[in-house]
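# A closer look at the structure
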Amino acid sequence: ARVGGGGRRAVKPASVKAMRGVRAAAQGIETEVRIDQAPMTLLREGADEAGDDSNMRARFERMIRAAQDEICNAISELDGKPFHEDAWTRPGGGGGISRVLQDGNVFEKAGVNVSVVYGQMPPEAYRAATGEAGESKEMIPFFA
């Protein structure tokens, strides 16, 4: 719905309620801890994930990090300049690796990032994503 001139849209009450829920959920996110060098894995320690080659999470992380290496190497070779890397972890598990190339010979700026995320999904978001019906109020653990 449009309100007056200027093309501004009115915010519906349901949207305001949803935005409050997002803000509340975001407040529970742990602050990242910068580290000097990317660890061998960003998976949670002691969860039988990191060292288990049959574990889907460990295989997926290795695949994504290998893709990051390949992409950065190809761009760096083409551009002639290296990427700068920053890495971080979160106390409850997960973290990320950001690689940025700036002021290159070919590219003004390029970035290739990887994140391992653990969290809790509100049941409404789960139902919206899956199309399932239900009344559960319990948070759903997720990994991405």
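Structure: see above.
Note that the structure is a prediction, hence the values are computed from the model and not measured.

### Considerations on the side chain of N55
Inspection of the secondary structure puts N55 in the loop between β1 (33-35) and α2 (56-79). For N55, a relative accessible area of 17% corresponds to the buried category. Reaching out from N55, the side chain makes a polar contact with the backbone nitrogen of A58 at a distance of 3.1 Å.

### Thoughts on the pattern of salt bridges
Taken as a whole, this structure holds 5 salt bridges when the rule is applied. Taking the shortest distance from any N to any O, the salt bridge between R99 and E85 comes out at 2.8 Å. Of this pair, R99 sits in strand β3 (residues 95-102) while E85 sits in strand β2 (residues 84-89), and the two are 14 residues apart along the sequence. What makes R99 buried here is its relative accessible area of 14%. With relative accessibility at 34%, the residue E85 sits in the partly exposed group. The network of salt bridges with shared partners includes E32, R34 and R90.

### A few points about α2
Between its first and last C-alpha, α2 extends 34 Å over 24 residues, near the 34 Å set by a 1.5 Å rise per residue. Its side-chain oxygen placed 2.8 Å from the backbone nitrogen of R57, N55 serves as the N-cap of α2. Note on α2: the residue one or two positions beyond its end, G80, has a positive phi of about 90 degrees.

### Quick look at the side chain of Q68
Take Q68: it is sitting in helix α2. Here the side chain of Q68 touches V112 through a polar contact of 2.9 Å, landing on its backbone oxygen. What Q68 contacts, discounting residues up to four positions off in sequence, is I97, R99, V112, N113 and V114.

### Details of the nonpolar core
Core analysis: the largest hydrophobic core is formed by 8 residues, namely A38, L42, L43, A58, A87, I97, V116 and Y118. Grouped together as the second largest cluster of nonpolar side chains are 6 residues, C72, L101, A110 and V112 included.

### As for the environment of D36
Locating D36 in the fold gives a position in the loop between β1 and α2. Taking the C-alpha atoms as reference, D36 lies 7.6 Å from D86; in sequence the two are 50 residues apart.

Calculation rules
- Residues numbered from 1 in each chain as written.
- Predicted model: local features only at pLDDT ≥ 70, side-chain atom pairs only at ≥ 80, totals over all residues.
- Heavy atoms only, no water.
- Helix = DSSP H or I, 4+ residues; strand = E, 2+ residues; numbered from the N terminus.
- Buried < 20%, exposed > 50% of the residue type's maximum accessible area, 1.4 Å probe, protein only.
- Polar contact = N/O pair within 3.5 Å; in protein donor to acceptor, adjacent residues only side chain to side chain.
- Salt bridge = Lys/Arg side-chain N within 4 Å of Asp/Glu carboxyl O.
- Expected span 1.5 Å × (residues − 1).
- Contact = heavy atoms within 4.5 Å.
- Core = buried A, V, L, I, M, F, W, Y, C linked by side-chain atoms within 4.5 Å.

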